[in-house]
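What follows is each chain in one-letter form.
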Amino acid sequence: MSRILERARELILLDDSLTDANNCRNSSAKLANTLRQEFGGNSVSIIAFPEATEGDGVHYAIETMEGDIINPVPAPGIPQHIGPKSTAFPIFSLFKHVKQVK
């Protein structure tokens, strides 16, 4: 397991708000910012499904530079996942990289 995934798991255990239901927008941004500070600016990126538009119906998660997925907040059809993309639920292959959480 990569250092980034290990650290993400630690941060999630330390901060219950990162797994709050219906809070993927804030959780992904907060977790990504912390990981970028610790591992460098290009260590993680925000991904979204469907393509990011403002408002409800968009789910945000994080992809590491190694291609791992960090999805601390489950949503209907999108389970919580912290691990390799190869073992992630197939929906994660439909996520797109976005510049920021909207």
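Residues numbered from 1 in each chain as written. Predicted model: local features only at pLDDT ≥ 70, side-chain atom pairs only at ≥ 80, totals over all residues. Heavy atoms only, no water.

## Some points on helix α1 (residues 3-14)
Relative to the 16 Å expected for 12 residues at 1.5 Å per residue, α1 spans 16 Å between its end C-alpha atoms, a close match to the ideal helical length. Ile4, Leu5, Ala8, Leu11 and Ile12 are the residues of α1 that are buried. Seen end-on, α1 carries its buried residues on one side only, within an arc spanning 125°. Away from the buried face of α1 by more than 90 degrees, exposed residues Arg3, Leu13 and Leu14 are located. (Helix = DSSP H or I, 4+ residues; strand = E, 2+ residues; numbered from the N terminus. Expected span 1.5 Å × (residues − 1). Buried < 20%, exposed > 50% of the residue type's maximum accessible area, 1.4 Å probe, protein only. Arc of directions from axis to C-beta.)

## Concerning the nonpolar core
Counting residues in each nonpolar core, the largest one holds 20 residues, and the members touching the most others are Leu31, Leu35, Val44, Ile46, Tyr60, Ile62 and Ile70. Listed by contribution, the elements that provide at least two residues to this core are α1, α2 (24-39), β1 (44-49) and β2 (59-64). For this core, the leading source of residues is α1, giving five residues. Ile47, Ala61, Ile69 and Phe92 belong to the second largest nonpolar core, which has eight residues in total. (Core = buried A, V, L, I, M, F, W, Y, C linked by side-chain atoms within 4.5 Å.)

## Focus on the packing of aromatic side chains
Under the defined criterion, the tally for this structure stands at two aromatic pairs. A connected cluster of aromatic rings, assembled from ring pairs, spans Phe49, Phe92 and Phe95. (Phe/Tyr/Trp six-rings, centres within 6.5 Å; stacked < 30°, edge-to-face > 60°.)

## Regarding the sheet that holds β2
By definition, the strands of a sheet pair up through backbone hydrogen bonds, in either a parallel or an antiparallel sense. Pairing is antiparallel in the open sheet, where five strands are placed in the order β4-β3-β2-β1-β5. Pairing within the sheet leaves two strands with one partner each, and these edge strands are β4 (81-84) and β5 (96-98). Strand-to-strand twist in this sheet, taken as the mean axis angle between neighbours without regard to direction, amounts to 35°. (Pairing = 2+ DSSP bridges. Axes fitted to C-alpha atoms, helices over the stretch in contact; angles between N-to-C directions.)

## As for the environment of Ala88
Counting through the fold element by element, Ala88 comes out in the loop between β4 and β5. For Ala88, a relative accessible area of 14% puts it in the buried group. Sequence spacing of Ala88 and Asp68 is 20 residues, and the spatial spacing of their C-alpha atoms is 8.9 Å. For Ala88, the residues in contact, after removing those within four places along its chain, are Ile69 and His81. (Contact = heavy atoms within 4.5 Å.)

## A word on the confidence of the model for the protein chain
Per-residue pLDDT for the protein chain averages 91, and the proportion of residues at 70 or more is 93%. The lowest-confidence element of the protein chain is β5, averaging 93 in pLDDT; the highest-confidence one is strand β3 (residues 68-71), averaging 97. (pLDDT = per-residue confidence, 0-100.)

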